[in-house]
Structure formats: C-alpha cells, structure tokens
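Examination of the molecular architecture
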Amino acid sequence: MDERWVSDPNTAEYISNMYIGSDGAWRSCGGVVDRFTRPNSNPVYGLHHFRQGALQWTLVERENTSQTAKPYKYLDLSYVDLINDTVVDIETGRVRPEGPWEGTTTMEFGRWCFFLNGHDAPIRWNGREKNPVGFLERPAPPLISIAPENQIGDTGNTSPGLGEFGERFAYGYAVTLISDTGAMSPPSEIAYVAGKNDDTVSAGGTLRKLSALVHIARQASHIRGVLLWRTANVQDVSTVGQQGAALYLLRAFPTGGRMTFIDGTRDERLLEELDRDTVGLFPTGATTMRMFKGYAFADGGPANPTRLRFSSAQHIEQFPDINYLEVGDQTTGRITGLYATKNALVVFKERGIYLVRGAGGSFSVDALTEDIGHVAGQNALKEVPGLGLVFWTEAGPYVLIGALENTGTPTTWRFIGQGLARTWHTRVNTKALRSVRAEVNLNDRELWVLVPEGGDDRATLGLVFHYESSGWSVREGFNAQCLTSTRDHAGVMLLGTTDGYVKTYTHAEDPPSLPEYRSAWLDLGGERTQVRHVTLEGLTVGAELDFEWRVDRHPVGYQAGPEDRRDLDDYERVLPKWGTARLGTDTWYREYPSGVRFDLYQCNGFTMQWRVRGNRLALSGADVLFVPSATHFKERNS
C-alpha cells in the first residue's frame, strides 16, 4: 500500500481486509468467530494469553457497569473456563481512567503473570491464586508495652531483662514482612518503650528487670514470615521517637499470624543489623515492568517520571530506595515503554530513546536519541521478525534496528509509515495514540495494530504491516479495541470487541466487510490515452465482484464496470478443488490463476486508477491494455 501522491505503479494505493498468501497473491483476509460461548455485553478493554505448560488461560478485562464513579470506569479481570463454560473473576473493580489509556500491561516471570495499570496495586496470578506485587507501603509497627514485673526474674547482674539494674532504658521495635516470593518489606516505623529498673531487693531476695510485651498483628495471606527488629538501649529518653536508629534482628517468626512476644534480650545477644539500602517500596503508579539481566525494571510512576527503578538481584519484587537510574529529564516526558534485549534494556520516553547496559546491579544509561520517542504505551511495542522493534510517534510508525551494542552494527531507527500517509493524516486520532494496541500474527507474517480513528479514543481501526513485503493494509469492520495471540504452536489471534465479545480470527470465515484493492495511479504515457480493458489474474473470485475506475484524479466518484465481465479460463472454475473433491470419485487438479477481463468504455485520460471489491477475492496480478486516443494532441494539465 502506497498512499503517496507519486507512487510506484506496481503498488496499491489502498488495500482493505486482504493479506499476502504464501504464494504472493493478495487474498481476502479471514473473519472472526466467537471464542467464548457466553459473551458479556460490556466492552472488552484488555486481553492476555497466559500459559504454564499444558495449562493456559485467556485473561479478559471487561467493563463493570455496576461501578460508574467519575473520572473512572471500573473493570473486572477474569478468565473463561471453556470446560465448564463459566467466567471466573480474578479481581473486580479495577480502575480504567477516562480518555486515552495504555491499558493493563503484563509481564510473565517464573510461574506468575504480573499485572500493572498505573492506578491499582500491582498483582500477580498463577492460575490458582492472586497476590500483591512487592510492598506499596510500610507495615504497621508492633504494639509495645512494659510486661508485668513477674514475667522475667533472675538473680545477679547477668539476669535477662531490658537495661541495667537501677537505670533507665529506652528501646525501639520494628517489623519487616516476608512475602511468599521471599521479598522483604521496608521496616515499619519504630515503636519505642521506656522504663527504669528497680535496684531494691524484693521480698524474695532477688532483683528483677523489666521486660517488653510485643504484639504483632495478623498479616495478609501472602505473608509467610515476620522479622522483629530492635534497637540497642538508647537510654536517653529524649531520643525516643527517632526513626533513623540502627535496628538489629531480634526474632524471626515463620508465620504471618497474630503473635505476642515477651522480650528481655540483652543487647549483646542481638543479631545482624538491618541494611536499609537493601529494601524499598514498589514504585507507586508504575505502568510497565520488564526483566533484564536477572533484575526487574519498572518506571517510577507519576511521582518520578524520569526515574527507572530496579529490584535487588535475589528478589525481583524488592526495590531498594537506592536502586534507580535517571533517564533524561522532564523535557523528554515520561517513560512510556521498556523492551529487554540480549545486550540492552531499551527505555522509551515520549521524546527520547535510551539504552540501559550493565550487569550485576551496576547499570548505566545512555541516550540513543532525544529527537523522537514513543508516544503510545507498552502494549504497542512489538518486535517484528527479521525487521526490528516497532514503536509509534505522532508522525507514524518507526522501527528500531541494530544490535543495541558496540558490535559493528549501528543502532538506528527508520520510518516505515510512508505507505500510510493519507490514512494516518486523515483518519487516525494522533492525540489518542496512548490507546494503540499491537500484536504479531506469525501465521500470516503480519503486525496487527489497532489505532483510534477520527474523534474516538478507542483503538478500533486496524492497520496491518506485512513485514515480508514491507507493505501496509487496513482492517475494517472488526469492531475490536484490544488483541492478543495464543502462546502455543497454533498462534491464534484473539480480538476483544467494544460490544463485549472475545473472538477468534480465522481464515475459515469471511471478513466483516468486503475486501478492496485499489491500484496506484497509472501514468498513461504523458498524453491522453484510452484504456480498453483491465484483466485481473487471481486464484479465486467470489460471486460478489465490483470493478470501478476513474481518470485524472477526478473528484467525482468511481465509474462502475460493466455487468458482462469476461471470465477467462472459465472451465477452471467448475473443476473440483482441494477440500471439495471426493477421494476415489472426483479428479484432483492443481489450482492455478485464472483471468477476469473488464472492458472499459470512455476511460480516456492522462492517468487512471481502478479498484475491485468482492468476497473471497484473490489477486496475483493485473494487465491494463491502453491505446493512444484521437485527442492525444491536447496538452496535459501541469
């Protein structure tokens, strides 16, 4: 497809609902059938196919019409059990902001699928249970009080208990939580207790020290352990309440249940000190997360739009406060996408592309360019086989090519949207490109892209890049706004529609609207010329076939072709074809192109263009016969 004013005559100006077959012919694309037998009428905003070995799930995000608070809509994340024909909710009431939205992004790691949308707390799901990702806030501190005097007692100066005989003491307590993946939270606020030991002999002839009574609340179900930390004796009561004191491990509890603990441990028996630089909160509002060199990287969210956070090496949900990289500045906008390769992590901003390199927790960031960037979201970044990583600017699609490393192959970018010039500037809503969704259809060697059309912020117009021929076509009538493909050998494309259906794309069905092939404008030789007929070569031609033409870029619409078209090699049509012949009864023949000729009358001009529309359309070539006109002496308009 080439929509430039001066185009290659061997290209088409516009192609709708067609794909390039393995034989090189342009054929009618497939249609859709219902994937789920019990569709929901609420719009589908997100699709993801998650596979774990033999088990696989199609995850669907649909609008929840029972919750309509502005400025949000609310979505339910669920999957459909095809065996029992039931919808199973994973999480309900998820936020969907009004206007253009990147959608929920996913990352698969280990046996988990991670979900981030920039508004709700990130979650992960493994087909059985749903758990939070990391820690978004510090845990609640323990409740501390002085234990009854008779809880601990002993004789001599070495007796257990807090502080020393006859002296004041002050101790602080904090907890950290251990999740089911082994990640540790930052410490809670330090809760202090203070008192003074008596130095008088009790009635029994013994000296007693005071102890602390520690209450730890019940934790969430995904918490597998609690670590109790304590300061050394600060003695000075005026320091009670300080939050920067050194914490030492006091006790580890292998459970997240409610606990009560009496502490009379002497300072010298405390264990290792807590390194606060190894723990931290998950970045609030992060919209994307990717793995690189054994570390999880996430954007800094709205609070830190230029900051790229990364986890510790051992626990990918543990984000130390000191683990971050500054990527560009405020002038280059927010981080819009991450893509991990063997050599580098590519970081896209609204106006900039950066490469993160390194390993072992030592990373650096270099600017590749700050001239262009990616204005869509994570769901629009796709690597095309044999080409590179496709990203989107307000001017159209670009591809990032190269080794992303100093290996002799320079990393650069190239514009690939020339063929979309008119469609992009007249139909695409470039102010709502955050809604763009993309997926690679390996079966047909295509990149499918859904973009917003007109004044709509929903991505419902389909653009298809045929990456082996570097051409574009358009998909119309599918009513889809999100898509995904199955992660198996079949590679089936799934589409989520605005009316609540999840559909499967298949060549067994006809496309929802008639395929159309519109030729480029043909230069007829610099003088007025008459076109006698156009012969289309194809493998199959459907019953519905409309042929039209126009001359000299005339603003008047196309002229219809004659009703009495001439079918060449007509006998080929009646022969049995593959898939319809009966073994042992019919004769099998090889399918080969047959021609259909359209005779044109009063088609006289300097340039001409033809178009054909029809069901089950296939084109492998076209011949145009023209002769000089009797009025060839008329000068051509410049």
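What comes next concerns the included structure. Quantities reported herein were computed from a predicted structural model and do not represent experimental measurements.

Looking only at helices and strands, the protein features two helices and 49 strands. Looking at the protein alone, contacts between residues at least 24 apart form 62% of all its contacts between residues at least 6 apart. Roughly 29100 Å² of accessible area belongs to the protein as shown, and the carbon and sulfur atoms make up 48% of that amount.

So, on to the sheet that holds strand β22 (residues 307-310). Through backbone hydrogen bonds, the strands of a sheet pair up, either in parallel or in antiparallel fashion. Across the sheet, four strands lie side by side as β20-β21-β22-β23; this open sheet has antiparallel pairing. Whereas interior strands pair on both sides, the edge strands pair on one side only; in this sheet they are β20 (289-292) and β23 (324-326). Shown here is a sheet whose adjacent strand axes are inclined to one another by a mean of 25 degrees, direction ignored. Across three bridges, strand β21 (residues 295-299) lies against β22 in antiparallel orientation. What sits directly across from Asp 299, in β22, is Leu 308.

Let us look at the sheet that holds strand β13 (residues 143-146). Strand order in this open sheet of three strands is β13-β16-β19, and the pairing throughout is antiparallel. Looking at which strands have only one partner, the edges of the open sheet turn out to be β13 and β19 (259-263). Adjacent strand axes in the sheet meet at a mean angle of 20 degrees, parallel and antiparallel pairs treated alike. In this structure, strand β16 (residues 212-216) lies alongside β19, joined through five bridges in antiparallel fashion. Residue pairing across strands places Leu 213 opposite Ile 262, the latter belonging to β19.

Right, let's get into the environment of Thr 486. Within the secondary structure, Thr 486 is located in the loop between β36 (480-485) and β37 (493-497). Under the relative-accessibility criterion, Thr 486 is labelled buried at 7%. Expressed as a C-alpha distance, the spacing of Thr 486 and His 49, which sit 437 residues apart in the sequence, is 5.6 Å. For Thr 486, the residues in contact, after removing those within four places along its chain, are Arg 35, His 49, Gly 491, Val 492 and Leu 494. Polar side-chain contacts of Thr 486 include one of 2.8 Å to the side chain of Asp 488. Engagement of the side chain of Thr 486 in a polar contact is seen with the backbone nitrogen of Gly 491, the distance being 3.5 Å.

Moving on: unusual backbone geometry. In this structure, Asn 479 is a non-glycine residue whose phi angle is positive, near 60 degrees. Summarising the element assignment, Asn 479 is placed in the loop between β35 (471-475) and β36. Positive phi, normally seen in glycine, also occurs at Arg 616, with a value near 50 degrees. For Arg 616, the position within the fold is in the loop between β47 (607-614) and β48 (618-619). Given a relative accessible area of 48%, Arg 616 falls into the partly exposed group.

With respect to the secondary-structure elements, Asn 17 resides in the loop between β1 (12-16) and β2 (18-20). According to the relative accessible area criterion, Asn 17 is buried, its value standing at 0%. At a separation of 2.8 Å, a polar atom in the side chain of Asn 17 contacts the side chain of Ser 513. Among all residues touching Asn 17, those that are not within four sequence positions of it are Arg 27, Ser 28, Cys 29, Val 474, Arg 475, Glu 476, Phe 478, Pro 511, Ser 513, Leu 514 and Pro 515.

By the criterion of burial, strand β29 (residues 388-393) is predominantly enclosed, with six of the six residues buried. Note: strand β28 (residues 382-384) against β29, three bridges, orientation antiparallel. In the sheet register, Lys 382 faces β29, and the bridge partner there is Val 390. In this structure, the hairpin formed by β28 and β29 is closed by a connection of three residues, where Gly 386 is found at a positive phi of approximately 75 degrees. Relative to strand β30 (residues 396-401), β29 runs antiparallel, the two being bridged by five bridges. Following the sheet pairing, Thr 393 is matched in β30 by Gly 396. In textbook terms, the turn of a hairpin is the stretch between consecutive antiparallel strands, and for β29 and β30 this stretch comprises two residues.

For the rest of this paragraph, the subject is the side chain of Thr 176. Tracing the sequence through the fold places Thr 176 in strand β14 (residues 168-179). A relative accessible area of 0% places Thr 176 in the buried class. Within the local environment of Thr 176, its side chain forms a polar contact with the side chain of Trp 229, the two groups lying 2.9 Å apart. Leave out the neighbours within four places in its chain, and Thr 176 touches Met 184, Ser 185, Pro 186, Pro 187, Gly 225, Val 226, Leu 227 and Trp 229.

This part takes up the pattern of salt bridges. One pass over the full model with this rule turns up 30 salt bridges. Between Arg 94 and Glu 91 there is a salt bridge; the shortest N-O distance is 2.7 Å. You'll find Arg 94 and Glu 91 in the same group, each marked buried. In this structure, the salt-bridge partner of Arg 334 is Glu 102, at a minimum N-O distance of 2.9 Å. With Arg 334 in the loop between β23 and β24 (335-340) and Glu 102 in the loop between β8 (86-97) and β9 (105-109), this pair connects stretches of sequence that are 232 residues apart. Note on accessibility: Arg 334 and Glu 102 belong to one class, buried. Salt bridges sharing common partners tie together Glu 13, Arg 422, Glu 516, Arg 518, Glu 548, Arg 611 and Arg 613.

Cut-offs and rules
- Residues numbered from 1 in each chain as written.
- Predicted model: local features only at pLDDT ≥ 70, side-chain atom pairs only at ≥ 80, totals over all residues.
- Heavy atoms only, no water.
- Helix = DSSP H or I, 4+ residues; strand = E, 2+ residues; numbered from the N terminus.
- Contact = heavy atoms within 4.5 Å.
- Areas by Shrake-Rupley, 256 points an atom, 1.4 Å probe, with all protein chains shown as cover.
- Pairing = 2+ DSSP bridges.
- Axes fitted to C-alpha atoms, helices over the stretch in contact; angles between N-to-C directions.
- Buried < 20%, exposed > 50% of the residue type's maximum accessible area, 1.4 Å probe, protein only.
- Polar contact = N/O pair within 3.5 Å; in protein donor to acceptor, adjacent residues only side chain to side chain.
- Salt bridge = Lys/Arg side-chain N within 4 Å of Asp/Glu carboxyl O.

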